[in-house]
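Survey of secondary and tertiary structure
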Amino acid sequence: MNKEEKVYVVTLDQGKFAQQALYQTKSIIQNVDNPEIFVYITNDRGTEAISESDRDWLEEQATVTEGPVPIDDYPISAKTRAAVRASKKYPEKTLVVLDSDMLILEDIEVPEEDI
């Protein structure tokens, strides 16, 4: 795994979580040089929460995929699904999985050694 090469993983779900995912993506773009961004949109919930123009913008900025919330009564399980999908697409890169209340203000440095 190359610790210098990172992929920022964002999950877009319903309601305010959709807007937060857009804010997260914008914060990454503004504060990281040439970022690799992977956005997981929950189908039915997230796809209905985002406008077509916002979806188009995301697709210009990031790799976008859709999928279910794996556990119906546990929406945060979508983050795990997002991480699994990103790890399959980018097996040699370090994943930076963002929680819904996080913004990126500068590039994240990954330690050389595993902790």
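The sections below set out a description of the structure shown in this document. Residue numbers restart at each chain and count upward from 1, following the sequence in its written direction. It should be noted that, the model being predicted, local features are given only for residues of pLDDT at least 70 and side-chain atom pairs only at 80 or more, the latter also being counted only at that level, while totals for whole chains, interfaces and linings use all residues. By convention in this description, side-chain values take in all heavy atoms of the structure and omit both hydrogens and water.

Attention now goes to the nonpolar core. Only buried Ala, Val, Leu, Ile, Met, Phe, Trp, Tyr and Cys residues count toward a nonpolar core, and they belong to the same one when joined by side-chain atoms within 4.5 Å. The rule is simple: take the accessible area with a 1.4 Å probe, protein chains only, and divide by the maximum for that residue type; under 20% is buried, over 50% is exposed, in between is partly exposed. In terms of nonpolar packing, the biggest core is built from 18 residues, with Val10, Leu12, Ile28, Val39 and Leu58 touching the most fellow members. When residues of this core are traced back to their parent elements, those giving at least two are strand E1 (2-12), helix H1 (16-31) and strand E2 (36-42). A per-element tally of this core places H1 first, with 4 residues. By definition in these notes, contact holds between two residues if any of their heavy atoms fall within 4.5 Å. What isoleucine 28 contacts, discounting residues up to four positions off in sequence, is Tyr8, Val10, Pro35, Ile37, Leu98 and Ile104. Core analysis: the next-biggest nonpolar cluster, separate from the first, contains 9 residues, Val7, Val9, Phe38 and Tyr40 among them. A run of DSSP states H or I qualifies as a helix once it reaches four residues; a run of E qualifies as a strand once it reaches two. Both are numbered from the N-terminal end.

Side chains of Tyr23, Leu103 and Leu105 sit close together on the surface and give an oily, nonpolar patch of about 340 Å² of accessible area. With respect to the element layout, tyrosine 23 can be found in helix H1. In this analysis, a patch consists of residues with relative accessible area above 30% that form no salt bridge, clustered at 9 Å for like charges and at 5 Å for the nonpolar side chains Val, Leu, Ile, Met, Phe, Trp and Tyr. Here the Shrake-Rupley method, with its probe set to 1.4 Å, supplies the accessible areas, and only the displayed protein chains count as covering residues. One speaks of a salt bridge when a side-chain nitrogen belonging to Lys or Arg is within 4 Å of a carboxyl oxygen belonging to Asp or Glu.

Looking now at a negative patch on the surface. On the surface, a cluster of negative charge is made up of Glu4, Glu5, Glu92, Glu106, Glu109 and Glu112. Position of glutamate 109 relative to the elements: it lies in the segment after strand E4 (93-97). Asp and Glu are treated as the negative residues and Lys and Arg as the positive ones, with His and the ends of the chain left uncounted. Every charge is mapped to an atom, namely NZ of Lys, CZ of Arg, CG of Asp or CD of Glu.

Right, let's talk about the pairing of E2 for a bit. Of all 7 residues that make up E2, 6 are buried, and the element is covered over most of its length. Here E2 pairs with strand E3 (residues 63-67) via 5 bridges, running parallel. Counted as the bridge partner of phenylalanine 38 is threonine 63 from E3. Two strands qualify as a pair provided DSSP detects at least 2 bridges between them.

Time to look at the packing of aromatic side chains. Between the rings of Phe, Tyr and Trp (Trp by its six-membered ring), a pair exists once the centres lie within 6.5 Å; its type follows the angle of the planes, with under 30 degrees stacked, over 60 edge-to-face, and the other angles tilted. Scanning all chains against the criterion turns up 1 aromatic pair. For the pair phenylalanine 38 and tyrosine 90, a centre-to-centre distance of 6.3 Å together with 90° between the ring planes defines the contact as edge-to-face. On the criterion of sequence distance, the pair formed by phenylalanine 38 in strand E2 and tyrosine 90 in the loop between helix H4 (77-89) and E4 is long-range, its members being 52 residues apart. Judged on exposure class, the residue phenylalanine 38 and its partner tyrosine 90 are both buried. Each ring is checked for a lysine NZ or an arginine CZ that lies within 6 Å of its centre and within 35 degrees of its normal; such an atom marks a charge sitting over the ring. Here lysine 26 stacks its cationic end above the ring of tryptophan 57, 5.7 Å away from the centre of that ring. For lysine 89, the ring lying beneath its charged end belongs to tyrosine 90, and the centroid distance is 5.6 Å.

Before going further, it helps to spend a moment on the pattern of salt bridges. Here the idea is simple: oppositely charged side chains can pair when their charged atoms come close. One pass over the structure, following the stated rule, counts 4 salt bridges. Note that lysine 93 is salt-bridged to glutamate 36, the shortest N-O span being 3.7 Å. Pair noted here: lysine 93 is in strand E4 and glutamate 36 is in strand E2, with a separation of 57 residues, a long-range link. Using a relative accessible area of 28% as the deciding quantity, one classes glutamate 36 as partly exposed. For glutamate 66, the salt bridge identified is with arginine 55, shortest N-O distance 2.8 Å. Placement of glutamate 66 in strand E3 and of arginine 55 in helix H3 (residues 52-61) is noted, with a sequence separation of 11 residues between them.

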